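# Descriptive analysis of the structure
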Amino acid sequence: MTSSRMNAQQACELLKEGKLKVVDIRDPQSYGTGRIKTAERLDNSNLQDFINNNPKDQPVLVCCYHGMASQSATDFLKEQGFTEVYSLDGGYEFWKVCHPEHCE
């Protein structure tokens, strides 16, 4: 399975429209020091709740450091039945340079 990717500009537009659920799979310290606004941290402790409690047809953007680990997480969520899952090209490190206004 190949992961679907989304560039920062596309993601920013969908985020502004409120049409994108963002999950961040980085470690707690990195997430705590900066993240995309509205991003929910996702790890093994809350993964099953996320799968059970979110609509499978809602667009989901997976964010990691540089856009590599998010690709396998994207594939995993697709295997769980999510239909629109994207890996953020360049990850959070690229996002914070391009869209600092959408970081917290």
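Scroll up a little and you will see the structure.
Residues numbered from 1 in each chain as written. Predicted model: local features only at pLDDT ≥ 70, side-chain atom pairs only at ≥ 80, totals over all residues. Heavy atoms only, no water.

## Concerning the pattern of salt bridges
The condition is simple: Whenever a carboxyl oxygen of Asp or Glu lies within 4 Å of a side-chain nitrogen of Lys or Arg, that contact is scored as a salt bridge. Helix numbers and strand numbers start at the N terminus; a helix is a DSSP run of H or I with at least 4 residues, a strand a run of E with at least 2.
Scanning the entire structure with this criterion turns up 7 salt bridges. A salt bridge links Lys 21 to Glu 40; the nearest nitrogen and oxygen atoms lie 2.9 Å apart. Remark: Glu 40 occurs in strand S3 (residues 40–41) and Lys 21 occurs in strand S2 (residues 21–24); sequence separation between them is 19 residues.

## Quick look at the packing of aromatic side chains
Going by this rule: Only Phe, Tyr and Trp rings take part, Trp by its six-membered ring, and two of them pair if their centres are within 6.5 Å. Stacked means planes under 30 degrees apart, edge-to-face means over 60, and tilted covers everything else. The buried label applies to any residue whose accessible area, calculated with a 1.4 Å probe on protein chains only, is under 20% of its type's maximum; exposed applies above 50%, and partly exposed to all values in between. A positively charged side chain is recorded as over a ring if its NZ (Lys) or CZ (Arg) lies within 6 Å of the ring centre. The angle to the ring normal must also be within 35 degrees.
Applying the stated criterion to the full structure yields 1 aromatic pair. Ring plane angle 20° and centroid distance 5.5 Å describe the contact between Phe 50 and Phe 82, whose orientation is recorded as stacked. With Phe 50 in helix H3 (residues 47–53) and Phe 82 in the loop between helix H4 (69–79) and strand S5 (85–88), this residue pair connects regions lying 32 residues apart in the sequence. Since its relative accessible area comes to 2%, Phe 50 is described here as buried. Of the residues examined, Phe 82 reaches a relative accessible area of 2% and is grouped as buried. The ring centre of Tyr 65 lies 5.9 Å from the NZ or CZ of Arg 26, which sits over that ring. In this arrangement the basic side chain of Arg 35 is found over the ring face of Tyr 31, its NZ or CZ atom lying 4.5 Å from the centre.

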